[in-house]
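Tertiary structure, described
Residues per chain are reported as follows:
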Amino acid sequence: MTFVQVIDCKTSRFDEMNRLMDTWAEKTQGKRTATHSVIGKDRSDDTHFIEIVEFPSYEEAMRNSNLPGTDTIFREMVALCDEMPTFTDLDVVRDEQLYAGNARRFFETVATEGELPPLDGLLAQDYHDHDPGNVTDTIGLDAMRREIEMYRGGFDIDFTIDDQITEGDRVCTRWTFEGDHNGDFMGIPATGKHVTMTGATIFRFQEDGKIVEGWWHEDRLGLMAQLGALDELEG
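Residues numbered from 1 in each chain as written. Predicted model: local features only at pLDDT ≥ 70, side-chain atom pairs only at ≥ 80, totals over all residues. Heavy atoms only, no water.

1. Thoughts on the pairing of strand E3 (residues 48–55)
The sheet contact formed by strand E1 (residues 3–10) and E3 spans eight bridges and is antiparallel. Paired with Asp8 across the bridge in E3 is Ile50. For strand E2 (residues 36–41) and E3, the ladder comprises six bridges, and the chain directions are antiparallel. Each bridged residue has a counterpart across the sheet, and for Lys41 the counterpart in E3 is Phe49. (Pairing = 2+ DSSP bridges. Helix = DSSP H or I, 4+ residues; strand = E, 2+ residues; numbered from the N terminus.)

Here you go:
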């Protein structure tokens, strides 16, 4: 679970504190576990500052605190404050930016060359997939992996993310799929044809950022036409 620490302090020596933080960042480059940091100044009080630091987890934040020199930097920072700063530790229970990033990462992972990477960091174990092109819903991480492998076995997959809209615990991604048909796909032998397909997927996320449910809308009929599967019907 993503972890955030909020540091609230008052200082009339912010320029010195800013230089101290720059020095700390240089010394710990490549070692700090923080993924994002932002500092805001109170519009009604020029001495009031709040820093928000994001970590992948509480454990990573603790590892960051144990870096050599952390205690020294902390004492120097406190000395620059007009009063003792306060620290608030927060477990993130909703992060729409995280959801959008993980939706994008899902498509990137599916299109990875070589062996399909593990999906347990992206999908919940009880993931539920809705696709009108399938007779029944795909339920469970293992079943979804088999569904993905069916496409990967038939095509050299590439995805282009055309658009993303995030609202609450849902992310809608409009995408374009393309690839060479170099393997069997739904009983159709490899044709070597380069095909494209457009679609949109709505993912629902749980609090830890994993995808728990998905709804797919794609032009599978157009894909089958490109593979020649509809030629007899047209004749």
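2. Quick word on the pattern of salt bridges
A complete count under the given rule lists eight salt bridges for this structure. Notably, a salt bridge pairs Lys10 with Asp45, separated by 3.0 Å at the nearest N-O pair. Of the two residues, Lys10 sits in strand E1 while Asp45 sits in the loop between E2 and E3, which places them 35 residues apart along the sequence. Its relative accessible area of 21% is what places Asp45 among the partly exposed residues. In this structure, the salt-bridge partner of Arg170 is Asp169, at a minimum N-O distance of 2.9 Å. Judged by its relative accessible area of 36%, Arg170 is partly exposed. The exposure class assigned to Asp169 is partly exposed, which follows from its relative accessible area of 26%. One salt-bridge network, in which partners are shared between bridges, spans Asp131, Glu218 and Arg220. (Salt bridge = Lys/Arg side-chain N within 4 Å of Asp/Glu carboxyl O. Buried < 20%, exposed > 50% of the residue type's maximum accessible area, 1.4 Å probe, protein only.)

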